[in-house]
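Coordinate inspection notes
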Amino acid sequence: MAFKDAIEIIKAAKSIAILPHINADGDAIASCKAMAAALETMGKECVIYSEETVEPRLSFLSDGITVYDGENTHYDLCLVLDCGDLDRIGERLPLLESADHVINIDHHKTNTMFGEVNIVDPKACATGEILVSVIDEMGIDFTADIARYLYVAICSDSGCFKYSSVTADTLRRTARLLDTGFDHSEITHILFDESPLNVVLMRADVTQNIHSYAGGRLRIVTADESLAEKYDLEADEVQGLVEIPRKIKGTEIAVAIKDIDGKITASFRANNDIDVAEISMVFGGGGHSKAAGCRINAESLEKAEKMIADECIKAIEKK
Ligand SMILES: [Mn+2]
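Below is a summary of the structure that appears in this document. What you are looking at is a predicted structure, and each value in this text was computed from that prediction instead of being measured.

Let us look at the nonpolar core. Ranked by size, the top nonpolar core spans 56 residues in total, and within it Ile18 and Met35 carry the most contacts. For this core, the element with the highest residue contribution is helix H2 (residues 26-40), accounting for 10 residues. Each residue touching Met35, except ones within four places of it in the same chain, is listed here: Ile10, Ile18, Leu79, Leu81, Leu131, Val134 and Ile135. Formed by 24 residues, the second largest nonpolar core is a distinct cluster that contains Val255, Ala292, Ala304 and Ile308.

What follows deals with the environment of His21. Here His21 shows up in the loop between strand S1 (15-20) and H2. It is 8.7 Å that separates the C-alpha atoms of His21 and Asp85, two residues lying 64 residues apart in sequence. Setting aside anything within four residues of it in sequence, one finds His21 in contact with Ala28, Leu81, Asp82, Cys83, Arg88 and Arg92. For His21, the side chain forms a polar contact with the side chain of Asp82, separated by 3.2 Å.

Looking now at the pattern of salt bridges. The final tally for this structure, using the stated rule, is 14 salt bridges. For the salt bridge of Glu243 with Arg246, the shortest nitrogen-to-oxygen distance reads 2.9 Å. Note that Glu243 and Arg246 are positioned in helix H10 (residues 243-246) at a spacing of 3 residues, about one turn of the helix. One salt bridge in this structure joins Lys303 and Glu299, with 2.8 Å as the shortest N-O distance. The class for Lys303 is partly exposed, based on a relative accessible area of 43%. By relative accessible area, which is 72% here, Glu299 ends up exposed. Several salt bridges converge on common partners, so that one network encompasses Arg217, Glu252 and Lys319.

Below, the discussion takes up the coordination of the manganese ion. Every protein donor of the manganese ion is accounted for by Asp27 (OD), Asp82 (OD), His107 (NE2) and Asp157 (OD), and the metal-donor separations fall at 2.1 to 2.3 Å. The motif formed by the donor residues of the manganese ion, counted along the single chain, is D-x54-D-x24-H-x49-D. One end of the pair, Asp27, is in helix H2; the other, Asp157, is in helix H5 (residues 144-157), and 130 residues separate them in sequence. Judged on exposure class, the residue Asp27 and its partner Asp157 are both buried.

Turning next to a nonpolar patch on the surface. Among the surface-exposed residues, Leu197, Val200 and Leu201 lie close enough to one another that they form a single nonpolar patch of about 280 Å² accessible area. On the secondary structure map, Val200 appears in helix H8 (residues 197-207). Residue class for Val200 comes out partly exposed when judged on its relative accessible area of 42%.

Definitions and limits used
Residues numbered from 1 in each chain as written. Predicted model: local features only at pLDDT ≥ 70, side-chain atom pairs only at ≥ 80, totals over all residues. Heavy atoms only, no water. Core = buried A, V, L, I, M, F, W, Y, C linked by side-chain atoms within 4.5 Å. Buried < 20%, exposed > 50% of the residue type's maximum accessible area, 1.4 Å probe, protein only. Helix = DSSP H or I, 4+ residues; strand = E, 2+ residues; numbered from the N terminus. Contact = heavy atoms within 4.5 Å. Polar contact = N/O pair within 3.5 Å; in protein donor to acceptor, adjacent residues only side chain to side chain. Salt bridge = Lys/Arg side-chain N within 4 Å of Asp/Glu carboxyl O. Donors = N, O, S within 2.8 Å, 3.2 Å for Na, K, Ca; no water. Patch = residues over 30% accessible without salt bridge, like charges linked within 9 Å, V, L, I, M, F, W, Y side chains within 5 Å. Areas by Shrake-Rupley, 256 points an atom, 1.4 Å probe, with all protein chains shown as cover.

Next comes the structure, spelled out in structure tokens:
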């Protein structure tokens, strides 16, 4: 049983490196923070290594996050959270290679089971949801701090409890977190109800340029460096764009394609039972059936859009 094996390894480890996936999102970062807070109550030495600085929207989580600088410190254990495959470890691979143990805790259904122990539950709406059980099984009490981080994780990945990935178990686990008494409305406000003005204006610009295919069943938006420049935004602030086409009536697949920082990436969302993880896997990506992503090898944004539109239309026609 993966749970028991993982807990044994964690209990024996003294030094623990905790790693979120590259381009860490709210679930990844907050899951790492929750685990570090929980393990520190057991006297463990924990370091959270991220691939990049925490994006501005999540700056309230950035305390105690170390941006990896190529060092190769030995750890008894590498705990990898919310990460579907080793590509998403990026430059931090030496930390995994030199650690005595690697535990992989995740909810992506495309997870490649790269750990020595793998706790992968695609039915969980967030890695933070799985961690409620892991921390519980370890006999650690939920402090308000631990609970708050887990709440951030679950909220982030469930679209504030809106997505079909939310189950009765999600809400039961979340109820236990709320029992600790932290301010949950403050968190949802930061995550969902406030954006800098220039981000709102950038999104309005993107909204004016939605490309519709298959009679509107597929809708795509795009963004490049010039958009970031026009609104004075950092690359990591040009995000959340896939929500724009996703919210339009009639959209079955929504896609946002970005050509920023020398790479072209795409985010997919499904509003029905089309599996966008399968579409993203065609391009070497992965994710969940209703939310997935990939990097595209294409000469231009236009060519990437054509490749993606073709795959999406195929999936729509197959339905
Ligand atoms: Mn996640």
